[in-house]
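Reading the structure
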Amino acid sequence: LVMVHCDSLYESLYDLLNQHYMEYAGQRYVRIAHGSKAKQCPIHRLFRVIVVTEINDAYYRLAPPLLNRFEKQIFLRRDLMERADEALLSRLKKFWGAVTECMLQQRGRGAEPAPAPVGDAEAQEDGAEDFEAATQRPIAGYHADLLASLVFMLRRRRGDSASADELCDEAKRLLVRMLTPEAACMIAASLDAQEMHSKFGFDLVSEYFEKQRHSDLPSFAEALVADAASWSDRIGAQVMALTYSPIRGKIGQELQRTADARCQELSLHELSSSQDIEKSVNQFYNDAPDVAGEKRFLIVHADPVAASPRMIEHCRFVCEKLRAEFIKKGRSVAGSMFVILVVHLQRGLDNLFSFDYDSQWSFVFLDSVEQSADLENMPSLGHMLHKPLLEVVSNIDFAKLLQTCFRSSLSRMIYPHSRRPSDLQAQIRSILAYLEDTNFVTIVRNWTLLILKQTPKNLAKPSEGTVGQDTNWFAAIAGAAHELALAGTFRAALHNRIAVLVSSMLTVLLAHLDRNGGLALLGDPNKRRLWLNLSEASLSSDLAVRLRTESMAATQEEATAQHEVGTDAQTGARPFTSRFPVSWFVSRSIDNARHTIETLPKENQMSALAKIYQASTLLDVGLDPEVGDALLDDYLADFAAMHLDWTRLIDREMQKNVMSKMLQRCKGGKLTSILEVHQLFWNQERHVAYCIKLLNAVPDALFKAEELIATSEMTLLNLDLLLLVHQTLANELRGQQKVGEQGPHQFYREWLARKTVVAGLTKDLLSDHGTHHSPAAQERLARIKCDTEPRVESLALFLEYVAVPLNLPSDVVSQLASELPEGKIRQAKTLSAMLGMARGISDQEGALAYISAFLESWTLDV
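Structural notes, computed from the coordinates. (Residues numbered from 1 in each chain as written. Predicted model: local features only at pLDDT ≥ 70, side-chain atom pairs only at ≥ 80, totals over all residues. Heavy atoms only, no water.)

1. Here we look at the overall build of the protein
- Summing up its helical and strand segments, the protein has 39 helices and 12 strands in all.
- Since a compact globule built from 862 residues should have a radius of gyration of about 29 Å, the 44 Å found for the protein marks it as more spread out than a globular shape.
- In terms of principal-axis extent, the alpha carbons of the protein reach across some 150 × 70 × 55 Å.
- Going through the 862 residues of the protein one by one, you find that 49% of them count as buried.
- Within the structure as shown, the protein displays about 41,400 Å² of accessible surface, and the carbon and sulfur contribution to it stands at 50%.
- Both charge centroids of the protein, one from 93 positive and one from 110 negative side chains, sit 2 Å from each other. (Helix = DSSP H or I, 4+ residues; strand = E, 2+ residues; numbered from the N terminus. Rg over C-alpha atoms; globule rule 2.2 N^0.38 Å. Buried < 20%, exposed > 50% of the residue type's maximum accessible area, 1.4 Å probe, protein only. Areas by Shrake-Rupley, 256 points an atom, 1.4 Å probe, with all protein chains shown as cover. Lys, Arg positive; Asp, Glu negative; His and termini not counted. Charge placed at Lys NZ, Arg CZ, Asp CG, Glu CD.)

See the structure below:
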């Protein structure tokens with residue numbers, strides 16, 4: 001009795017194995033038990049039992065009492081080998097040792113001693129852990145006796161009809177069929193074609209990617225149907241295909257489209273018993289075509305985690321048995337029946353499954369089950385190897401690729417301001433529209449390729465070439481176990497690498513293009529062409545230092561690296577949204593000439609600036625300085641944000657209006673050119689900044705200030721504005737409408753804070769005009785020193801010493817402000833008004849002490 005895979009019966013045979021016989025009338029009997037039932041069965045005196053099991057099962061699964069009842073023999077294939085077989089096995093070990101050596105070298109371990117021949121069990125047991133990992137990695141499901149099984153399979157299939165060299169060459173190619181794509185890529189990165197011929201006797205990489213099909217199941221099935229030499233018999237083939245691709249769904253429609261065949265699919269783990277397997281395979285052969293040219297495929301998906309290796313082996317046995325019975329019936333059509341058993345392995349769990357070569361089956365490793373063309377419009381695996389990265393990226397449909405990765409790019413951009421979900425949704429809609437714009441996609445594509453072409457692969461050794469010139473760019477991915485496990489297939493890992501690279505480059509580029517929120521202007525038809533021209537020019541400008549630095553880093557960075565979106569606001573914490581296309585680039589380009597222009601007389605500055613502009617990049621891209629009223633107004637808005645500090649009480653639109661009026665007043669007419677804006681601002685920057693700060697302290701003076709800018713002499717403008725601001729401050733206390741909901745106490749404190757700013761600006765201005773001899777200027781200085789400034793100071797002292805501590809109502813402060821005399825403030829009427837106010841509040845607790853402190857301070861300071 002020979003027992004194979006009969007684990008459930010062993011417990012029933014312990015009486016037999018212990019030789020507990022009973023003899024009656026010369027006949028021996030032995031008790032056979034099964035469950036709760038037992039029976040005495042006759043047994044022959046010469047009866048013997050043989051249990052065939054795997055070595056690992058004998059060592060780790062079978063019960064020791066069972067093993068102790070047997071004589072143990074380890075039966076290896078090499079024990080059956082003849083001398084010619086041993087010679088072939090030795091050559092195959094040498095070949096396989098060269099393969100694993102290449103992988104070790106690619107992993108940076110080439111300086112270690114040469115590995116022991118693969119297949120030598122003792123050498124493997126004593127070998128290093130790294131070597132064992134390397135020998136197992138090239139082929140999924142590898143085990144120590146695999147090469148011996150290949151030798152026996154070839155002898156059985158070819159007999160003595162082939163020479164030793166022919167058998168060795170065929171064996172090498174059969175081994176190559178089982179290599180994982182990453183193993184082939186690591187060899188490709190280690191050796192060139194000539195070195196491979198010297199080491200292996202043929203171009204292994206060319207054999208793998210050009211002559212064989214490993215990319216996906218549909219393309220493999222198509223090649224299988226066309227290649228009758230690879231069939232197992234005259235009616236077709238039985239193939240075991242190993243893959244790291246997970247079970248995702250049915251692929252019958254893809255097979256029908258590519259191989260023109262009807263397909264029956266089943267998943268082994270969904271079948272409950274061996275009868276279900278036989279029923280499904282029988283149905284497949286019962287539906288065999290009767291007409292030549294029709295083809296049938298049976299695809300069996302097996303996951304060693306869900307379906308045990310023993311179940312997979314049983315499925316192979318069922319397929320072999322039923323196929324043999326079908327062929328005996330003699331009604332089969334040549335090339336019509338194909339069985340593919342797809343074993344879906346998990347990376348890192350290869351030891352759950354192993355295989356042996358068999359003459360009735362062909363074996364292949366497939367990178368994926370799905371067709372490669374379905375993956376993000378990326379090139380196939382074979383088309384990406386031995387090609388520079390630049391060529392691979394350049395052959396991709398950039399518009400489709402950007403559509404798949406731009407959302408990832410947006411998630412990696414850090415904006416200087418908080419954004420609402422609606423802002424992001426609007427941005428996504430805009431970019432989807434931009435990706436339909438050929439010009440925009442061309443800019444992204446050309447810039448990406450330029451960076452790949454120029455960025456050194458190793459900054460420390462530029463002689464190694466650029467990132468785009470690297471023909472072994474895939475080697476790092478082949479050795480990245482974590483990335484391969486996440487991607488599922490090697491093809492997906494390569495595609496992810498390209499997608500991450502393009503996504504990183506797009507992140508950097510979008511952060512540059514959306515500087516100051518300027519990307520939205522591409523959607524404005526009136527500004528689109530100008531935006532495209534200026535944006536493209538900015539990419540190669542010396543002003544884009546940050547862009548170049550981050551783009552170089554993007555070629556090597558992780559998929560989660562983030563990039564900040566820049567802002568050119570004078571106050572960085574208060575970013576702005578630009579209204580003029582790429583205004584930062586225009587402004588900085590013109591500002592580069594500031595130092596040269598300011599050394600010239602004012603009357604020559606404008607002509608000199610225009611001459612410099614004629615040789616600038618801005619003119620080359622078609623930017624006419626006289627852009628028209630609407631665009632000039634947009635540029636002034638951006639210019640104000642980039643050159644003036646943000647103010648709390650005056651928004652940037654007001655700042656722009658004040659600056660525009662001041663520059664027009666300096667020119668003596670309407671602004672018509674961007675160059676005029678820069679040249680006039682360089683001369684009036686201090687005056688403009690001073691005016692903005694002053695009006696921010698007293699925003700109520702803004703309307704009248706604009707009138708002053710239009711009418712006052714420029715030399716007296718700051719003095720007139722200072723008078724206006726002081727008068728407005730004092731008038732705020734005369735009326736009660738400014739108090740509002742905040743209450744008098746809070747209003748007083750806020751007023752005192754703004755007064756402090758005005759006092760500092762007043763001091764700065766008076767120090768500049770201390771020696772001014774103009775009669776008009778002297779008259780205004782006198783009014784400031786004798787009237788407006790001491791009036792505001794008096795009211796400030798009253799608020800500080802009396803109104804705030806006593807929490808006086810606003811009508812008391814308003815009354816005092818109204819009773820102060822007009823003109824000079826340092827006179828008896830002022831003191832009389834203060835004393836009258838004191839009498840009115842003297843009944844409040846502590847009032848006299850506060851009033852005394854106020855009067856003392858007023859006498860000393862005012």
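So that's the structure; there's more coming.
2. Looking at the sheet that holds strand β6 (residues 236-243)
- Here we have five strands laid out as an open sheet, ordered β7-β8-β9-β6-β10, and parallel in their pairing. Of all strands in the sheet, those with a lone pairing partner are β7 (262-267) and β10 (362-366), marking the two edges. Within the sheet, the average angular offset between the axes of one strand and its neighbour, ignoring direction, is 20 degrees.
- Pairing of strand β8 (residues 296-302) with strand β9 (residues 337-344) involves seven bridges; the strand directions are parallel. Within β9, the residue paired with His301 across the bridge is Val342.
- Against the sheet, helix α15 (residues 309-329) contacts β6, β8, β9 and β10, and its axis sits at roughly 180 degrees relative to β9. (Pairing = 2+ DSSP bridges. Axes fitted to C-alpha atoms, helices over the stretch in contact; angles between N-to-C directions. Contact = heavy atoms within 4.5 Å.)

3. Some remarks on the pairing of β8
- The element β8 is extensively covered by neighbouring structure, given that seven of its seven residues are classed as buried.
- Burial of the side chains of β8 extends over both faces: Arg296, Leu298, Val300 and Ala302 are buried on one face and Phe297, Ile299 and His301 on the other.
- One ladder, built from six bridges, connects β7 with β8; its direction is parallel. By the bridge assignment for β8, Leu266 is matched with Val300.
- What joins β7 to β8 is helix α14 (residues 274-286), and the crossover it makes is right-handed. (Right-handed = clockwise from strand over helix to strand, strands pointing away.)

4. Points about the packing of helix α7 (residues 146-158) against helix α8 (residues 164-177)
- Between α7 and α8, the shortest axis-to-axis distance is 11 Å and the interhelical angle comes to 125 degrees. Between α7 and α8, the angle is such that the two are oblique. Crossing angle aside, the handedness with which α7 passes α8 is right-handed. Facing Leu147, Leu150, Met153, Leu154, Arg155, Arg157 and Arg158 of α7, the residues of α8 in contact are Glu166, Leu167, Glu170, Ala171, Leu174 and Leu175. (Parallel < 35°, antiparallel > 145°, perpendicular 65-115°, else oblique. Left-handed = near helix turned anticlockwise from the far one by under 90°.)

5. A word on the packing of aromatic side chains
- This model, assessed by the stated rule, comprises 22 aromatic pairs.
- Each ring, one from Trp96 and one from Tyr142, has its centre 6.2 Å from the other, and the planes form 15 degrees; the classification is stacked. Here Trp96, found in helix α4 (residues 83-106), pairs with Tyr142, found in the loop between α6 (129-136) and α7; they are 46 residues apart in sequence, far enough to count as distant. Considered together, Trp96 and Tyr142 belong to a single accessibility category, that of buried residues.
- Ring geometry for Phe355 against Tyr357: centres 5.6 Å apart, planes inclined by 70 degrees, an arrangement best described as edge-to-face. Considered together, Phe355 and Tyr357 belong to a single accessibility category, that of buried residues. (Phe/Tyr/Trp six-rings, centres within 6.5 Å; stacked < 30°, edge-to-face > 60°.)

Purely geometric stuff here, so don't read any function into it on its own.
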